[in-house]
Amino acid sequence: MLITHVAAELAPIAKVGGLGDVIYGLSKELVREGHLVNIILPKYDTLPSALLNNLHVEIPELTTSLGKCKIWAAKVENLSLTLIDPIEKNYFSRGKIYGCSDDTERFLFLCASAVAYLASSKKKVDALHLHDWHTALIAALKKEKKELDSIKTVLTLHNIEYQGECDPKLLAKMGLKKEEPNLLKIGIIYADALTTVSPTYEKEIQTPIAGWELDQLLQKNRGKLKGILNGIDPEFWNPETDSYLFKQYAIDSPIETILKEKKANRNQLPLERSDKPLVACITRLVPQKGPELIKHALLRTLEKGGQFILLGGAGSKEIVQKFTELKQQFAKNKNLSIALTQDEPLAHRIFAAADLLIIPSLFEPCGLTQLIAMRYGTIPIARKTGGLADTVFDIDTSDQPLEKRNGFTFDFADNEGVNWALDRAFSYYKQDKNKWHTLIQNGLSHNFTWKKSVHEYLNLYQKTN
Ligand code: ADP
């Protein structure tokens, strides 16, 4: 099959959060299964040219409903890319992927260009896979193009908080006069199939509490909606080959070796050398991730005699400001390290070094950091919501068999919940090494790859075909 993704992110060349990891990991697995994959992406000025192979112009000028663009082709590893480069506007030369006042206009341009490109292309696309509000509109736009009639669309909802409210005039320009100016809503209505990134999130988004006012529309469309759990790419996230690490380690080594190598990685972090439990948090600093609870976990960890490291990026101004103040307040404390930046190599080093990773999200469609943590022998502490509830099983309270229990969970997004999970983690760390090792080993043998989920996607592509 030829599967075409259209997306705003692709790891490692254009990544802000999990969306980039998912497009990369799913595409790599589809290629491993013998399929062809093409990814249509903006030609951001931030794309690292060293990682783009055979970059060349495919179409010098293509007319779209929103202006002209140039089409480039390139390869990243074994993935084929089609890069959209606006000719008259500087939509994708902003030094960043998101966060511009005209974001909706920028991604509408991506949609218009992708449709124009697909209509002009001779390639027979078997499935067109759209991701989030940035590309959801394509499901409606393609209905207007006869050449694209036979192509079916799958829209994946990675996070329905972000919906892409847009100017109705822009939609009218694109031939969509009657639609409500909410790009995700339009995509939900027009896509042939809908997926979201975990079975629990699939249920949650059909309720008013987690539906962001889309719950009724999603209920109406539940016949075409399916929760498929995300995975992580086992090569990109592999402590045995990860070139960002100070010390690599094979996860099938004896537990003592793994712990020794993790310690070697830890000794390189800006923290006092110690045997105290090291709790980490690697996150975008937005309300969804529970910043107040992250702060609480940080303070509680210090109070209980542990060390804490926070890597917080892509955040809202107010939240970043609060953590900047906290960092100043604790500037002399060698048991705490706070880095307020987006830093891929540092993220890998922290996953390798930490004992525990805390994810106190208010909601979490799937979450990848718990999966990455387990792959690096780090035990997750997670709020039981969305994909976290589908992948992290509490050592004491889960109804899963003992060999599947891989972390600590708590139900409610409050300080008591964090304390309950964190305190138990500390007491096992100090008093029950056997249980601690079992948790690490259960995490390491957790299936976090795309192996199973890729078949669920392939079934869907075949069905919609
Ligand atoms: P989301 O997509 O909501 O941000 P996920 O858990 O699905 O959350 O994915 C987060 C991805 O982004 C992971 O690969 C994680 O390592 C990475 N990440 C999060 N914050 C940072 C940061 N500050 N620096 C580098 N990588 C980060």
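Above this note sits the structure.
Description of the structure in this document. Residues take numbers from 1 onward in each chain, read along the sequence in its written order. The model is predicted, so local features are restricted to residues of pLDDT at least 70 and side-chain atom pairs to those at 80 or more, both for listing and for counting; the totals for chains, interfaces and linings are taken over all residues. Computation of side-chain values covers all heavy atoms of the structure but excludes hydrogens and water.

To continue, consider helix H1 (residues 18-32). For H1, which comprises 15 residues, the first-to-last C-alpha distance of 21 Å matches the rise-based estimate of 21 Å (1.5 Å per residue) to within 8%. Accessibility here uses a 1.4 Å probe with only protein chains present; expressed as a share of the type maximum, an area under 20% marks a residue as buried, one over 50% as exposed, and anything in between as partly exposed. Numbering of helices and strands runs from the N terminus; a helix is a DSSP stretch of H or I covering at least four residues, while a strand is a stretch of E covering at least two. Among the residues making up H1, those that are buried are Leu19, Gly20, Asp21, Val22, Ile23, Tyr24, Gly25, Leu26, Ser27, Lys28, Glu29 and Leu30. Note on contacts: a residue pair qualifies if any of its non-hydrogen atoms lie within 4.5 Å across the two residues. Those residues of H1 hidden inside the fold are in contact with strand S1 (2-6), strand S2 (36-42), strand S5 (79-86), strand S6 (127-131), helix H3 (132-136) and helix H17 (451-464). Looking at the residues trailing H1, positive phi occurs at Gly34, about 95°. Each residue after the first adds 1.5 Å to the expected span of a helix.

Another aspect to go through is the sheet that holds strand S10 (residues 278-284). Two strands qualify as a pair provided that DSSP identifies no fewer than 2 bridges between them. Taken in spatial order, the six strands of this open sheet run S12-S11-S10-S13-S14-S15, and their pairing is parallel. Both outer strands of the open sheet, strand S12 (336-339) and strand S15 (408-410), are each paired with one neighbouring strand and no more. Neighbour to neighbour, the strand axes of the sheet diverge by 15° on average, direction disregarded. Helix axes are fitted to C-alpha atoms over the stretch in contact, other axes to C-alpha atoms as well, and angles between N-to-C directions run from 0 to 180 degrees. Running over the sheet, helix H10 (residues 291-303) touches S10, strand S11 (307-313), S12 and strand S13 (356-359) and is turned about 160° from S11. Against the sheet, helix H12 (residues 344-353) engages S10, S11, S12 and S13, with an angle of about 150° to S10.

Lys15, Gly18, Asp21, Arg284 and Lys289 are the nearest of the 22 residues found near the ligand. At 2.6 Å, a backbone N or O of Gly18 approaches an oxygen atom of the ligand. Calculation on the ligand without its partners gives an accessible area of 560 Å², and the protein chains cover 93% of this total. Counting residues per element, the ones that place at least two in the shell around the ligand are H1, S10, S11, H12 and helix H13 (369-375). Classes in brief: Ala, Val, Leu, Ile, Met, Phe, Trp, Tyr, Cys and Pro nonpolar; Asp, Glu, Lys and Arg charged; the others, Gly included, polar. Along the lines of polarity and charge, the residues of the shell around the ligand split into seven nonpolar, nine polar and six charged. Throughout, near means a residue has at least one heavy atom within 4 Å of the molecule or strand. In protein, a polar contact means a hydrogen-donor-capable atom and an acceptor-capable atom, both N or O and within 3.5 Å, with residues adjacent in sequence counting only if both atoms are side-chain atoms; elsewhere, any N or O pair within 3.5 Å suffices. Every accessible area reported is derived by Shrake-Rupley at a probe size of 1.4 Å, with residue values counting cover from the shown protein chains alone.

Looking now at the sheet that holds strand S9 (residues 225-227). Taken together, the nine strands give an open sheet; going across it, the order is S3-S4-S5-S2-S1-S6-S7-S8-S9, and neighbouring strands pair in mixed fashion. Edge strands, defined here as strands with exactly one partner in the open sheet, are strand S3 (53-64) and S9. Each strand of the sheet is rotated relative to its neighbour by a mean of 25°, with strand direction disregarded. Relative to S9, strand S8 (residues 193-196) runs parallel, the two being bridged by three bridges. When the bridges of S9 are listed, Leu194 appears paired with Leu225. Contacting S1, S2, S3, strand S4 (67-76), S5 and S6, helix H2 (residues 103-120) crosses the sheet at an angle of about 95° to S3. In the packing of helix H6 (residues 183-190) onto the sheet, the strands contacted are strand S7 (153-157) and S8, and the crossing angle to S7 comes to about 135°.

Among the 10 residues that make up S4, seven are buried, leaving the element largely enclosed by the rest of the structure. Alignment of S3 against S4, held across seven bridges, turns out to be antiparallel. Paired with Ile59 across the strands is Ile71, a residue of S4. Between S3 and S4, which pair antiparallel one after the other, the connecting turn spans two residues. The hairpin turn running from S4 into S5, its antiparallel successor, is two residues long, and Glu77 in that turn takes a positive phi close to 50°.

Turning to the nonpolar core, a few remarks are in order. Proteins that are soluble and globular tend to have nonpolar side chains buried together. Only buried residues count toward a nonpolar core, which is a set of Ala, Val, Leu, Ile, Met, Phe, Trp, Tyr and Cys residues joined through side-chain atoms within 4.5 Å. Residues Leu137 and Phe408 are the most contacted members of the largest nonpolar core, which totals 161 residues. Counting residues per element, this core draws most heavily on H2, at 12 residues. Look past the residues within four positions of Leu137 in its chain and what remains in contact with it is Leu108, Cys111, Leu171, Met174, Leu176, Leu183 and Ile186.

Attention now moves to the packing of H10 against helix H15 (residues 415-431). Put simply, H10 and H15 touch, their axes get as near as 10 Å, and they point 40° apart. When the axes of H10 and H15 are compared, the pair comes out oblique. The element H10 and its partner H15 pack so that their crossing is right-handed. Residues Leu293, His296, Ala297, Arg300 and Thr301 of H10 pack against Asn415, Val418, Asn419, Leu422, Asp423 and Phe426 of H15. Split by residue class, the contact of H10 with H15 holds five nonpolar, four polar and two charged. Just so you know how the angles are binned, under 35 degrees is roughly parallel, over 145 roughly antiparallel, 65 to 115 roughly perpendicular, and the rest oblique. In this scheme, a crossing is called left-handed if the near helix is turned counterclockwise away from the far one by less than a right angle; it is called right-handed if the turn is clockwise.

In what follows, salt bridge is the name for a side-chain nitrogen of Lys or Arg lying within 4 Å of a carboxyl oxygen of Asp or Glu. One pass over the full model with this rule turns up 27 salt bridges. One salt bridge in this structure joins Arg32 and Glu29, with 2.6 Å as the shortest N-O distance. In this pair, Arg32 and Glu29 both sit in helix H1, three residues apart, roughly one turn of the helix. According to the relative accessible area criterion, Arg32 is partly exposed, its value standing at 34%. Taking the relative accessible area as the measure of exposure, Glu29 reaches 1% and is therefore buried. For Arg106, the salt bridge is made with Asp103, and the minimal N-O distance between the two is 2.7 Å. Taken as a pair, Arg106 and Asp103 lie in helix H2 at a separation of three residues, close to a single helical turn.

For the rest of this paragraph, the subject is the packing of aromatic side chains. Stacked, edge-to-face and tilted labels apply to pairs of Phe, Tyr and Trp rings (six-membered ring for Trp) whose centres lie within 6.5 Å, assigned for plane angles under 30 degrees, over 60, and everything in between, in that order. Within this structure, the stated rule accounts for 15 aromatic pairs. Their ring planes at 50° and their centres at 6.0 Å tell us that Tyr98 and Phe107 sit as a pair that is tilted. Overall, Tyr98 belongs to the partly exposed group, its relative accessible area being 22%. When its relative accessible area of 0% is taken as the criterion, Phe107 is described as buried. For the pair Trp237 and Tyr376, a centre-to-centre distance of 6.3 Å together with 80° between the ring planes defines the contact as edge-to-face. Placement of Trp237 in the loop between S9 and helix H9 (255-266) and of Tyr376 in the loop between H13 and strand S14 (379-383) is noted, with a sequence separation of 139 residues between them.

Of all residues except glycine, most have a negative phi; of all peptide bonds, most are trans. Looking along the chain, the bond that leaves Ala11 and enters Pro12 is cis, with omega of -5°. Relative to the helices and strands, Pro12 resides in the loop between S1 and H1. Even without being a glycine, Glu77 presents a positive backbone phi close to 50°. Secondary-structure assignment places Glu77 in the loop between S4 and S5. Among the residues examined, Glu77 registers a relative accessible area of 41% and is labelled partly exposed. One non-glycine residue, Asp132, lies in the positive phi region at around 60°. Along the chain, Asp132 turns up in helix H3.

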